[in-house]
Amino acid sequence: MASEGGERGERLMTTTRRRPDLDEETPVTPELEKAAEKAESRRGFLISVPAYGYLVLFFALPLVLVLVYSFASRSSTGRTLLEDWNVESYRRLFSDLVLEISARSFLLALVTTLLCLVVSYPFAYYIATRTPRIRNVLLVLVMIPFWSNFLVRTYAWRVILGSDGFVSQISQAFGGEEIRVLFTIWAVLIGLVYGYLPFMVLPLYAAIERLDWSLVEAARDLYANGFTAFRKVTLPLSMPGVVAGSILVFIPSLGAYVTPAILGGARETLLGDYIVSQFLTARNWPFGSALSFAVMFVMLLATIFYFRAGAKTL
Amino acid sequence: MQRLTRLVALIAVIAMVLAACGSDEGGGDPGTTVPDTSDEMVACEADEVDGDLNFYNWTEYIDPELIAQFEAEYGVDVVEDFYDSNEAMLAKLQSGAVYDLIVPSDYMVAIMIEEGLLAGVQKDAVPNISNLDPFFADPAYDPGGVYSVAYQWGTTGLGIDMSVVGEDFEPSWALVFDPDLVSQYAGGISLLNDPRETMGAALKYLGYSLNSTSEEELQEAADLIAAVKEYIRAFDSDNFDETLVTGEFAVTHGYSGGYFTAIDDTEEGWDRFTYVIPEEGGTVWIDNMAVPTTSEHPCTAHTFMNFLLDAENGAALTNWNFYASPNAAAEEFIDPEILEDGTIYPSDELSERLEIITDTGDFEINYTDYFAIARS
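From a predicted model like this one, the values you see are computed outputs, not experimental measurements. (Residues numbered from 1 in each chain as written. Chains lettered and ligands numbered in written order. Predicted model: local features only at pLDDT ≥ 70, side-chain atom pairs only at ≥ 80, totals over all residues. Heavy atoms only, no water.)

Student: Could you give an account of the overall build of chain A, with specific residues and numbers?
Tutor: Each helix and strand counted, chain A has 15 helices and 2 strands in total. Counting all 314 residues of chain A, 36% fall into the buried class. Expressed as a percentage of contacts within chain A between residues at least 6 apart in sequence, the contacts between residues at least 24 apart total 65%. Summed over all atoms, the accessible surface of chain A reaches about 18,900 Å², with 69% contributed by carbon and sulfur. (Helix = DSSP H or I, 4+ residues; strand = E, 2+ residues; numbered from the N terminus. Buried < 20%, exposed > 50% of the residue type's maximum accessible area, 1.4 Å probe, protein only. Contact = heavy atoms within 4.5 Å. Areas by Shrake-Rupley, 256 points an atom, 1.4 Å probe, with all protein chains shown as cover.)

Student: Break down the overall build of chain B for me, with residues and values.
Tutor: Looking only at helices and strands, chain B has 18 helices and 11 strands in total. Each of the 376 residues in chain B was classed as buried or not, and the buried ones make up 56%. Element-wise, carbon and sulfur atoms account for 50% of the exposed surface of chain B, whose accessible area totals about 15,400 Å².

Student: Before we move on, could you go through the side chain of arginine 196 of chain B and cite the residues and values that matter?
Tutor: Residues and elements named next belong to chain B. Residue position: arginine 196 is located in helix α10 (residues 195-205). A polar contact is formed between the side chain of arginine 196 and the backbone oxygen of threonine 358, at a distance of 3.0 Å. Of the polar contacts made by the side chain of arginine 196, one reaches the side chain of glutamate 364; its length is 2.7 Å. (Polar contact = N/O pair within 3.5 Å; in protein donor to acceptor, adjacent residues only side chain to side chain.)

Student: Give me the domain arrangement of chain B: which residues, what numbers.
Tutor: For interface size, the figure often reported is the accessible area lost on association. All names here are of chain B. One can read the domain layout of chain B as domain 1 (2-21 + 44-153 + 284-355) and domain 2 (155-282 + 362-375). For domain 1 and domain 2, the distance between their C-alpha centres works out to 28 Å. Each side of the interface is counted separately: domain 1 has 15 residues, and domain 2 has 24 residues. Overall, the association of domain 1 and domain 2 removes approximately 1,400 Å² of surface from exposure, summing both partners, and the carbon and sulfur fraction of that is 56%. On the domain 1 side of the interface with domain 2, the three residues burying the most area are Phe322, Thr343 and Glu355, jointly 41% of the side's total. Across the contact surface, domain 1 and domain 2 share 1 salt bridge. A salt bridge links glutamate 355 to lysine 204, with the nearest nitrogen and oxygen atoms 2.7 Å apart. Linking domain 1 to domain 2 there are 10 residue pairs in polar contact (both at pLDDT 80 or more). In terms of residue class, the side of domain 1 that touches domain 2 is built from 8 nonpolar, 3 polar and 4 charged. (Domains from an automatic or database assignment. Buried area = accessible area lost by both parts, 1.4 Å probe. Salt bridge = Lys/Arg side-chain N within 4 Å of Asp/Glu carboxyl O. Nonpolar A, V, L, I, M, F, W, Y, C, P; charged D, E, K, R; others polar.)

Student: Hey, could you go over the domain arrangement of chain A for me, with residue numbers and the actual values?
Tutor: Residues and elements named next belong to chain A. Split into domains, chain A comes out as domain 1 (2-70) and domain 2 (91-313). Listed per partner, the contact involves 5 residues of domain 1 and 7 residues of domain 2. Carbon and sulfur atoms make up 85% of the surface buried where domain 1 meets domain 2, a total of about 530 Å² over both sides. The largest per-residue losses of area from domain 1 upon contact with domain 2 belong to Val66, Tyr69 and Ser70, which jointly make up 68% of the total buried on that side. At the surface where domain 1 touches domain 2, the tally comes to 0 residue pairs in polar contact (both at pLDDT 80 or more). Taken together, the residues of the side of domain 1 that touches domain 2 break down into 4 nonpolar, 1 polar and no charged.

Student: Give me the state of the cysteines: which residues, what numbers.
Tutor: All names here are of chain B. Scanning all chains against the criterion turns up 1 disulfide over all chains. Here cysteine 44 is linked by a disulfide to cysteine 299, with a sulfur-sulfur distance of 2.0 Å. Across the disulfide from cysteine 44 to cysteine 299, rotation about the S-S bond amounts to roughly -85°, and the bridge is consequently left-handed. Of this pair, cysteine 44 sits in the loop between α2 (37-40) and β1 (53-58) while cysteine 299 is found in helix α14 (residues 298-308), placing the two residues 255 residues apart along the sequence. For the pair formed by cysteine 44 and cysteine 299, the shared burial category is buried. (Disulfide = S-S within 2.5 Å.)

Student: Describe helix α18 (residues 364-375) of chain B, and please don't skip the residues or the numbers.
Tutor: Count 3.6 residues to each turn of an α-helix, and residues three or four apart come out pointing the same way. Between its first and last C-alpha, α18 of chain B extends 17 Å over 12 residues, near the 16 Å set by a 1.5 Å rise per residue. Along α18 of chain B, the residues that are buried comprise Glu364, Ile365, Asn366, Tyr367, Thr368, Asp369, Tyr370, Phe371, Ala372, Ala374 and Arg375 of chain B. (Expected span 1.5 Å × (residues − 1).)

Student: Break down the packing of helix α14 (residues 271-280) of chain A against α18 of chain B for me, citing the residues and quoting the values.
Tutor: Any two packed helices are characterised by the angle at which their axes cross and by the distance between the axes. Their axes nearest at 11 Å, the elements α14 of chain A and α18 of chain B cross at an angle of 160°. Put simply, α14 of chain A runs roughly antiparallel to α18 of chain B. Once α14 of chain A is placed against α18 of chain B, the crossing between them reads as right-handed. Seen from α14 of chain A, the contacting residues are Asp273, Tyr274, Ser277 and Gln278 of chain A; seen from α18 of chain B, they are Thr368, Asp369, Ala372 and Arg375 of chain B. When its residues are assigned to classes, the contact of α14 of chain A with α18 of chain B shows 2 nonpolar, 3 polar and 3 charged. (Axes fitted to C-alpha atoms, helices over the stretch in contact; angles between N-to-C directions. Parallel < 35°, antiparallel > 145°, perpendicular 65-115°, else oblique. Left-handed = near helix turned anticlockwise from the far one by under 90°.)

Student: I'd like a rundown of the sheet that holds β1 of chain B, residues and numbers included.
Tutor: Residue and element names in this part refer to chain B. With parallel pairing, the 3 strands of this open sheet are ordered in space as β2-β1-β3. Of all the strands in the sheet, the pair left with one neighbour each is β2 (78-83) and β3 (101-102). As judged from the 2 bridges shared by β1 and β3, these two strands associate in the parallel manner. Residue pairing for β3: phenylalanine 55 is matched across the bridge by leucine 101. (Pairing = 2+ DSSP bridges.)

Student: Break down the packing of aromatic side chains for me, with residues and values.
Tutor: In this structure the tally under the stated criterion is 39 aromatic pairs over all chains. Aromatic pair tyrosine 54 of chain A and phenylalanine 58 of chain A: ring centres 5.1 Å apart, planes at 55°, arrangement tilted. Placement of both tyrosine 54 of chain A and phenylalanine 58 of chain A in helix α3 (residues 30-70) is noted, with a separation of 4 residues, approximately one turn of the helix. For the pair tyrosine 54 of chain A and phenylalanine 58 of chain A, one class covers both residues: exposed. Aromatic pair tyrosine 56 of chain B and tyrosine 99 of chain B: ring centres 4.1 Å apart, planes at 10°, arrangement stacked. Residue tyrosine 56 of chain B is found in strand β1, and its partner tyrosine 99 of chain B is found in the loop between α4 (86-94) and β3; the two are separated by 43 residues along the sequence. Per residue, the accessibility class of tyrosine 56 of chain B equals that of tyrosine 99 of chain B, and both read buried. What links up through ring pairs into an aromatic cluster is the set Tyr61, Tyr151, Phe240, Tyr255, Tyr259, Phe260, Trp270, Tyr275, Trp285, Phe322 and Tyr323 of chain B. Sitting over the ring of phenylalanine 287 of chain A, arginine 92 of chain A keeps its end group 3.8 Å from the ring centre. (Phe/Tyr/Trp six-rings, centres within 6.5 Å; stacked < 30°, edge-to-face > 60°. Lys NZ or Arg CZ within 6 Å of the ring centre and 35° of its normal.)

Student: Lay out the environment of leucine 202 of chain A in plain terms, naming residues and giving numbers.
Tutor: All names here are of chain A. Following the sequence through the fold, leucine 202 ends up in helix α9 (residues 185-209). Taking the C-alpha atoms as reference points, leucine 202 and glycine 241, 39 residues apart in sequence, are found 8.3 Å from one another. Once residues within four sequence positions are removed from consideration, leucine 202 is found in contact with Leu139, Val142 and Met143.

Student: Outline the pattern of salt bridges, listing residues and values.
Tutor: All chains considered together, the criterion is met by 19 salt bridges over all chains. Aspartate 359 of chain B is the partner of arginine 283 of chain A in a salt bridge, and the nearest nitrogen-oxygen pair spans 3.1 Å. Residue arginine 283 of chain A is located in the loop between α14 and α15 (285-312), and its partner aspartate 359 of chain B is located in the loop between α17 (348-351) and α18; the two belong to separate chains. A relative accessible area of 23% means that aspartate 359 of chain B is categorised as partly exposed. The closest approach of N and O atoms between glutamate 349 of chain B and arginine 353 of chain B, which form a salt bridge, is 3.9 Å.

Student: So, the confidence of the model for chain A: which residues are in play, and what are the values?
Tutor: All names here are of chain A. In the predicted model, chain A carries a mean pLDDT of 86, and 89% of its residues have values of at least 70. Within chain A, the element-level pLDDT minimum falls on helix α1 (residues 2-14), averaging 46, and the maximum on helix α5 (residues 96-128), averaging 95. When the criterion is pLDDT under 50, residues 1-16 qualifies, and its contacts beyond four places in sequence or with other chains add up to 5 contacts. (pLDDT = per-residue confidence, 0-100.)

Pasting the structure below:
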């Protein structure tokens, strides 16, 4: 021990970066360290028990049920028979109808995500570059819509977009025609972008806000113009926000059910609508379960891929 | 060690949940055997009550006054819960929810009988059952009326905005399926977001049965809907009455009773709006009161059925919700205006072309899929 301390003392002579008192006052043996680690992890486990319980009860178990049901069969009265296990439901996933519906939903979710991104980025950038006071006010404003129910807000859009609604009245006041936006794909897009905008703004804001502005400054000092500095520095550094926001918007858009039904008049069959109809009109729970599971699986793969790809650009 | 603790905790949680599910199923799932009512249910006497009534009904389907009257008369509370589709009600019951009285439609009664979810009707406890029109006493979906008692009946047809369509129109499905006609209406039309109703309407227009089990006929019906799709502005089962009277759509497809209340509430009323049953025929449906096997207060349920089958109470129901009554004795108390209305009580000639939707078994899947194809 003494010789060790001596060595350390010697080293201290040459380098002052180390503080000797810490090392010497707490003699650490591997056993004690391990025990402390164990105690720590036990505490961690105890704290996480409610979370584990919650996840198992309300997430894992229902998911397992969905998986089990997807291999079951439908009785002619529409009851789910937990026998005659088969993969027929999964085979049907590759029918033209399902592929067409999936493609349409995918496209809608993609456009919604892109629109959200285009609208949110400048907005988040603006918020992040304000003084803290104004910043907080703006953030609260972004979150205010969450204080009222999504369904109510969607119905409000129905009033705004209806043929005698606000938009149409303005157009008519200026001598224009009656505008019929409600029950078109545009109304669905407006509703979706409106509904999911905060999910894009908040992660983007978080990413831009903690950005190291000295890097942007450095880029400008090295003769990068504003656009180049944005493209080479700001955008790559805010990429985690872009990735997180896109995922948060894309996933619910893909399964959107309420907005297309209320604002789009359910004119096009989308995935959410098709899955609901399996449960409530065809009473074909196995196929509905298989559809749900397939959507989840594809989304999981896409998310992993997207995160990996996003991580590479960092 | 730590892993083991975690594993044990996980298994314990799963076991607890499974145990909970298991006991739930024991209570909620009556199994596949058709229940023998005399064994499982206590025998009830007329006017007997055995607790509060848990009543699971369609929205806006009963006069609150009637509920209050029943509560006052028998000294029990009626706890109401509502649904907007037979399938939603079925799903809730199958998941173990407990109700004393439900109101399933015709085809759903057949399904629920087969699934063993309905306790029989104890006719001794419902003496007013003799007030039923004989037509409703022995329906095809429940031969002999063993499990259900008719509540109200009505039709599915078209709501028309005559300020757009004109006063002078043929009451035909062509109003929604003939592209030459439909294209003329500013505002467009809406059809029900229900495969059986909407495919059924198209099948009727083509001259087929709305219970068709032919894929060719279904394909034709889907093509018919697809051909007018650009004029169909919405597939909507919830707001068909509202979108008509607000002038959003020119013609909407929906259930009779919904329109009557909505049109009565408008300024122009029946001068501008009307409801028609298309001459090709359409859906007629019968909703029924039934007691689930899981009912905890079956005697109150029977007493309530008997209460509604009373001549005056039955008439009050119709005078409030504008659906036709299966209660023959009630007719003398129903507003003459309602009785004479051919869209509430269709003529015998038209009635012959109306059909009840029957469950087509596995073919239901095709109805859902062809409906999805029609909308693609």
